[in-house]
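# Secondary and tertiary structure notes
These are the residues of each chain, in order.
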Amino acid sequence: MDFKNKKFLVAGGAGFIGSATVSELIKRGAKVVIVDNLVTGRKENINEKAKFYQINIADPKLENIFKKEKPEIVYNFAFNVLVPKAVENPLIEMDSISGGLNILMNCKKYGVKKIIFSSSGFLYGNTKNLPAKETEPVSPISPYIVSKNAVENYIRFFNKAYGLPYVIFRYAAVYGPGQITERWQITSEN
């Protein structure tokens, strides 16, 4: 794929995987718009060559960014990654679900050519069938996984109902520089 001058919107582009994706897209000549609420994303992860909007993906004002920026391809990495907190309070995941749906509705309305979603290999639960195949049944083991599965299902619905092309990556045990760790504490200042 030729990335030169294509416009990408990266939701969660200040996070661990999102910021690495943004940098790679820019390196390949793409124009990139980042949307991130900076709850777990970090300002220092924002690539200076990207345009940045601090907003929650569940906010209806997200539509203004789609209208103004007209992205061709959208990556959605924006998700609550604090799984233990979601186990304590599953309502934390509602922004991930409603935000995922908000992104999809805007993709449809503004003619986005493809949505790429960052899901999780943990959708398969604690399966003993390793390596897990994509045909393995979904077995949610946390509210985080319930939410990932819900957004995946909405993506498939938008594909069937409106023809929105998509790719879903089910990452497993991703780690590396810039990752949120137990030592990194979430504060109200982030």
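Since this is a predicted model, take the numbers as computed values, not measurements.

## Re helix α4 (residues 94–109)
Since the α-helix packs 3.6 residues into each turn, any two residues three or four apart lie on the same face. For α4, with 16 residues, the first-to-last C-alpha span of 22 Å sits near the 22 Å given by 1.5 Å per residue. Those residues of α4 lying buried are Ser96, Ile97, Gly99, Gly100, Asn102, Ile103, Leu104, Asn106 and Cys107. If you follow the buried residues of α4, they end up packed against β1 (7–11), α2 (62–69), β4 (73–76), β5 (114–120) and α5 (143–162). At the exit of α4 stands Gly111, carrying a positive phi of roughly 65°.

## With respect to empty space enclosed by the protein
Counted under the stated rule, the structure contains one cavity of 30 Å³ or more. Approximately 30 Å³ is the volume found for the largest cavity. Around the largest cavity sit Asn76, Gly100, Ile103, Leu104, Ile115, Phe117, Val151 and Ile155, which together line it. Secondary-structure elements contributing two or more residues to the lining of the largest cavity are α4, β5 and α5. Per-element tally for the lining of the largest cavity: the top contributor is α4, with three residues.

## Focus on the side chain of Asn102
Inspection of the secondary structure assignment puts Asn102 in helix α4. Take Asn102: its relative accessible area is 12%, and that puts it in the buried class. In this structure the side chain of Asn102 is engaged in a polar contact, spanning 2.7 Å, whose partner is the backbone oxygen of Ile57. Setting aside its immediate chain neighbours within four residues, Asn102 contacts Ile57, Ala58, Asp59, Pro60 and Leu62.

## Section: the pattern of salt bridges
Side-chain pairing between opposite charges can occur once the charged atoms of the two side chains come close. Across all of its chains, the model carries eight salt bridges by this definition. As a salt-bridge pair, Glu69 and Lys51 come within 2.9 Å of each other at their nearest N and O atoms. Within this pair, whereas Glu69 is found in helix α2, its partner Lys51 is found in strand β3 (residues 51–54), the two being separated by 18 residues in sequence. The residue Glu152 makes a salt bridge to Arg170 at a minimum N-O spacing of 2.5 Å. You can see Glu152 sitting in helix α5 and its partner Arg170 sitting in strand β6 (residues 166–171), a full 18 residues away along the chain. Since its relative accessible area comes to 0%, Glu152 is described here as buried. Among the residues examined, Arg170 registers a relative accessible area of 25% and is labelled partly exposed.

## Observations regarding a nonpolar patch on the surface
Residues Tyr154, Phe157 and Tyr162 make up a contiguous nonpolar surface patch of about 300 Å² in total accessible area. Within the secondary structure, Tyr154 is located in helix α5. Residue classification places Tyr154 among the partly exposed residues on the basis of a relative accessible area of 34%.

## Brief notes about the layout of surface pockets
If you add up the space inside the second largest pocket, you get close to 170 Å³. Residue lining of the second largest pocket: Gly121, Phe122, Tyr124, Gly125, Asn126, Thr127, Leu130, Ala132, Arg170, Ala172 and Ala173, and that is the complete set. Per-class residue counts for the lining of the second largest pocket are six nonpolar, four polar and one charged.

## Details of the packing of aromatic side chains
A complete count under the given rule lists nine aromatic pairs for this structure. An angle of 20° between the planes, with centres 5.7 Å apart, marks the rings of Phe3 and Phe8 as stacked. As far as burial versus exposure is concerned, Phe3 and Phe8 are alike and both buried. A network of ring pairs unites the aromatic residues Phe3, Phe8, Tyr75 and Phe77 as a single cluster. Against the face of Tyr162 rests Lys108, its NZ or CZ located 4.6 Å from the ring centre. Positioned over the ring face of Phe79 is Lys148, at 4.0 Å from the centre of the ring.

## Observations concerning unusual backbone geometry
The omega angle of the peptide bond from Leu130 to Pro131 is -5°, so this bond is cis rather than trans. Mapping Pro131 onto the fold places it in the loop between β5 and α5. The phi dihedral of Asn5 is positive, around 65°, even though this residue is not glycine. Mapped onto the elements, Asn5 comes out in the segment before β1. In this structure, Leu38 takes a positive phi of about 60° despite not being glycine. Within the secondary structure, Leu38 is located in the loop between β2 (31–36) and β3. Note on Leu38: relative accessible area 2%, which makes it buried.

Calculation notes
Residues numbered from 1 in each chain as written. Predicted model: local features only at pLDDT ≥ 70, side-chain atom pairs only at ≥ 80, totals over all residues. Heavy atoms only, no water. Helix = DSSP H or I, 4+ residues; strand = E, 2+ residues; numbered from the N terminus. Expected span 1.5 Å × (residues − 1). Buried < 20%, exposed > 50% of the residue type's maximum accessible area, 1.4 Å probe, protein only. Contact = heavy atoms within 4.5 Å. 1 Å grid on protein atoms, 1.4 Å probe; cavity = no way out; pocket = protein on both sides within 12 Å on 5 of 7 lines; lining within 4 Å. Points joined across faces, edges and corners; volume = space filled by probe spheres on them. Polar contact = N/O pair within 3.5 Å; in protein donor to acceptor, adjacent residues only side chain to side chain. Salt bridge = Lys/Arg side-chain N within 4 Å of Asp/Glu carboxyl O. Patch = residues over 30% accessible without salt bridge, like charges linked within 9 Å, V, L, I, M, F, W, Y side chains within 5 Å. Areas by Shrake-Rupley, 256 points an atom, 1.4 Å probe, with all protein chains shown as cover. Nonpolar A, V, L, I, M, F, W, Y, C, P; charged D, E, K, R; others polar. Phe/Tyr/Trp six-rings, centres within 6.5 Å; stacked < 30°, edge-to-face > 60°. Lys NZ or Arg CZ within 6 Å of the ring centre and 35° of its normal.

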